[in-house]
Each structure stands twice: as C-alpha cells, then as structure tokens.
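What follows is the residue order along each chain.
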Amino acid sequence: MTAEPSTRVIKADSEAAAAAARCLAAGGLVAFPTETVYGLGADAMNGLAVARLYEAKGRPAFNPLIAHVPDLAAARELARFDTAAERLATALWPGPLTLVLPKAHDCPVADLATAGLDSIAVRVPDHPLARAILTAFGRPVVAPSATRSGHVSPTTAPHVLADLRGRIDLIVDGGATAVGVESTIVSCLGEPALLRPGGVPRAAIERALGQPLAETAMLDDADEGEAPLAPGQLAPHYAPHRPLRLDATTVSAGEALLAFGPLAPAGAAPVRTLNLSVHGDLVEAAANLFSHLRALDAAGAASIAVMPVPHEGLGEAINDRLKRAAAPRP
Ligand code: TXA
Ligand code: MG
C-alpha cells in the first residue's frame, strides 16, 4: 500500500524529467534535487499520493508542504499575490525563497498538502532538473526535504537512498545541491514576515521589498523532529468553527459524524455523515481528513462527532491533527 519495495535511481540525463513526470502522474514518490536540498516529490493534486508521502517520511506529521511550480504564471493558479508578494517573486524567483500566500479560490492542491489551511506555501526552484521535471509534469509538486523525519536534509542522492530506500519509487541523481540549506520562508498573509531563515538572506528580501520584515515567531521544523513545539511557534493548523468531539462511540442529536471504518455508532441520526475510510485504510483516511472536516463544518450541525482512529501508521498524524482541531481556540 505504500511505496514500491525497490527504489529506482536514475541519472539526470535527457530522459530523466520525463521518467520522473510519469512516476508522479502514477501517484509515485520521486526524490529530485533542487538548488537547496533534495525534495521528496508527489503530485500536489493527488491526496492519496500526498498521504503516502507523509507515510514514507517515517514518523508522519501533517505539516503543510511547499508546492513547487516552474514559474510565476503557474504559481498564480495556486495563490493570490499582493504587492509585496509580487515584488518578492519578481526579484527572487526562481530561487531559494518560499512564499506563504492566500490560496487562490480554485486552488487545485489537495487539502492534505496544505493541512487544511487557507494559505499555501509556493516556490519556484532554481535548478534546471527540478524545473524540467515540473515543466514535464505540468502540475504542482509538493516536496518536503527527502529525508525520514528527524534526519538532516539530504544534499546528495546517496543521502536520500540511505534514508528512503524501499520507501519511495524513484530518485533522480543530479549530483550535490548548491545551496545546502532549505529555502527561506516569508509569509505574505499580512505584513511580510520571516517564518524560516534559509537560502536567501534577510537583507536580500528586505532590499527587494523596500521595507523591513515584520518580527514574528519562527516556524519550528517539527517535521524534522527538532525541539518540541513551544507556544507561539506552533505550526499553523486547521481549526473548524464547530466543536469536535473526539473518540465518539455514539452520536448525539444535532451532531454531524466523521466516521472511520464500516460500523455505524449508536445514538441519534447524524445531520450529515462522511467516512474517512469505510475499509479502515489509514492512507485513504489521511487523504480525506481535511476536506471531510471542512464539509462537515459547513453542514449546519451543532458539533462534529469523530469516531476513534487507530493510533498506528498515519493514524498517529491523523489523531494529532484531530486533537489540534478540537482544541479550544485562543
Ligand atoms: O528548500 C526547501 O524549501 C525544501 C526543498 C525540497 O524545496 N523543502 C522544504 O520543505 O524544506 P519542508 O516540508 O521540509 O518545509 C516546509 C515548511 C514547514 O516548516 C511548513 O510548516 C512550512 O513550510 N509551511 C508550509 N505551508 C505553510 C503555510 N501555509 N503556512 C505556514 N507555514 C507553512
Ligand atoms: Mg523539512
């Protein structure tokens, strides 16, 4: 149900981009070099492929991912650019800069890839092979660093292979990456703010903007298993308007139901029911998680009862996000 048992490694020759695009189109996981680090790519529009990507990372956490596109025109199909974002994109793309932007109204990226948020992280990498793959594929590619959680980001194909052999489908070996640290992340949701230092120095960003970056809490790279999240550093997370009731074994009058598995809980008839996976498949459940939550949030119910989800495989990340979504809002 996850990646192929064997991982193919190919050289970055004239056939490589087409091979990578075919694998992505089939829902596969493809590691490829960018100018910063190797990314582990999946079709951003395929929720199941994105769920497998989180699973391949080993200790899955549904942190929102960066959508990689070949140029600014493709980025505009995913996100809305204000003046500041326009300036940054024009001055610094392609390059090691990621912009967090409001999602475009008809953004085609799977809800799981953005962890259900209304914002999306987008970048145009400055690497000929990465751009050739993105162009050949013709759709956005989400790509976290191609490493298992808790390991340092890979800058060569052997690093990727050592970490992910047997867990992903394809590695395109394009030699060592030039920058070696991840992209700088700037939020353009309000005043432009630095969320993660990286390949583009702060001064270059402030020069392009013509103003200083706002002070803000930095993102904690929880994905890489670093220090536990501190308040104020929490990765942004999706919060429904309706209260969630977790581990529900019965339904109360007026509740919507987020079901899991084939069994129906006792109690009242739900206002609306959506099932994460009738067959109890956690990869399918992950792919459905945020879109189902959104739909039930809009169903006019007083609250949403959530059936228990087993705490194994992707279930750990599903339960983590459900717990955050259920937490009282500050
Ligand atoms: O250089 C890079 O950026 C590499 C290469 C492969 O492109 N990618 C990378 O991805 O570092 P990843 O998944 O390891 O880091 C993405 C970061 C995470 O800290 C995530 O929380 C943040 O981007 N992020 C993504 N979407 C976001 C959003 N909508 N709002 C705030 N932060 C977001
Ligand atoms: Mg990372």
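Since the structure is predicted, the reported quantities are computational estimates derived from the model, not experimental observations.

Rules and cut-offs
Residues numbered from 1 in each chain as written. Chains lettered and ligands numbered in written order. Predicted model: local features only at pLDDT ≥ 70, side-chain atom pairs only at ≥ 80, totals over all residues. Heavy atoms only, no water. Helix = DSSP H or I, 4+ residues; strand = E, 2+ residues; numbered from the N terminus. Buried < 20%, exposed > 50% of the residue type's maximum accessible area, 1.4 Å probe, protein only. Contact = heavy atoms within 4.5 Å. Pairing = 2+ DSSP bridges. Near = heavy atom within 4 Å. Polar contact = N/O pair within 3.5 Å; in protein donor to acceptor, adjacent residues only side chain to side chain. Areas by Shrake-Rupley, 256 points an atom, 1.4 Å probe, with all protein chains shown as cover. Nonpolar A, V, L, I, M, F, W, Y, C, P; charged D, E, K, R; others polar. Axes fitted to C-alpha atoms, helices over the stretch in contact; angles between N-to-C directions. Core = buried A, V, L, I, M, F, W, Y, C linked by side-chain atoms within 4.5 Å.

A. Representation of the environment of Leu 293. Mapped onto the secondary structure, Leu 293 falls in helix α8 (residues 282-297). A relative accessible area of 1% places Leu 293 in the buried class. Distance in space between the C-alpha atoms of Leu 293 and Arg 242 is 9.8 Å, their sequence separation being 51 residues. Those residues in contact with Leu 293, other than ones at most four positions away along the chain, are Tyr 238, Leu 244, Leu 258, Ile 304 and Leu 322.

B. Fine view of the pairing of strand β13 (residues 255-259). Counting buried residues along β13, five of its five residues qualify, which places the element largely inside the surrounding structure. A two-sided burial pattern is seen for β13, the buried positions comprising Glu 255, Leu 257 and Ala 259 on one face and Ala 256 and Leu 258 on the other. Bridging between β13 and strand β16 (residues 303-306) involves four bridges; their strand directions are parallel. For Leu 257, the partnering residue across the bridge sits in β16 and is Ala 305. Here three bridges tie β13 to strand β15 (residues 273-275), and the two strands are oriented parallel to one another. Among the inter-strand pairings, Leu 257 is bridged to a residue of β15, identified as Thr 273.

C. Here's a closer look at the site of ligand 1. Thr 36, His 68, Ser 119, Arg 123 and Ser 183 are the nearest of the 25 residues found near ligand 1. One nitrogen or oxygen atom from the main chain of Ala 143 is found 3.4 Å from a nitrogen atom belonging to ligand 1. The separation between an oxygen atom of ligand 1 and a polar side-chain atom of Ser 183 is 2.5 Å. Protein chains bury 97% of the 680 Å² of accessible surface belonging to ligand 1 in isolation. Listed by contribution, the elements that provide at least two residues to the shell around ligand 1 are β4 (66-68), β6 (119-123) and β10 (193-196). Per element, the largest residue contribution to the shell around ligand 1 is four residues, and it comes from β6. Looking at the shell around ligand 1, its residues break down into 14 nonpolar, six polar and five charged.

D. Focus on the sheet that holds β4. With mixed pairing, the ten strands of this open sheet are ordered in space as β1-β8-β2-β3-β7-β4-β6-β5-β9-β10. Bordering the open sheet on either side are β1 (8-11) and β10, each of which pairs with just one other strand. Note: strand β3 (residues 38-43) against strand β7 (residues 141-142), two bridges, orientation antiparallel. Bridged to Asp 43 within β7 is Val 141. Strand contacts of helix α2 (residues 47-56): β3 and β7, with the helix running at about 150° to β3, the strand carrying the most contacts.

E. Representation of the nonpolar core in the model. If you look at the biggest cluster of nonpolar residues, it comprises 80 residues, and the most contacted ones within it are Phe 62, Leu 88 and Leu 99. The element that contributes the greatest number of residues to this core is α8, accounting for eight residues. Beyond its immediate chain neighbours, meaning those up to four positions away, Leu 88 contacts Trp 93, Leu 97, Leu 99, Val 186, Cys 188, Ile 205, Ala 208 and Leu 209.

F. Summary view of the pairing of β3. The buried count for β3 comes to six of six residues, which makes it a mostly enclosed element. Alternating residues of β3 divide into Tyr 38, Leu 40 and Ala 42 and Gly 39, Gly 41 and Asp 43, and every residue in both groups is buried. Of the strand pairs in this sheet, strand β2 (residues 30-33) and β3 are connected by four bridges, and their pairing is antiparallel. When the sheet's bridge partners are listed, Phe 32 is paired in β3 with Gly 39. Here β2 folds back onto β3, and the loop between the two strands holds four residues.

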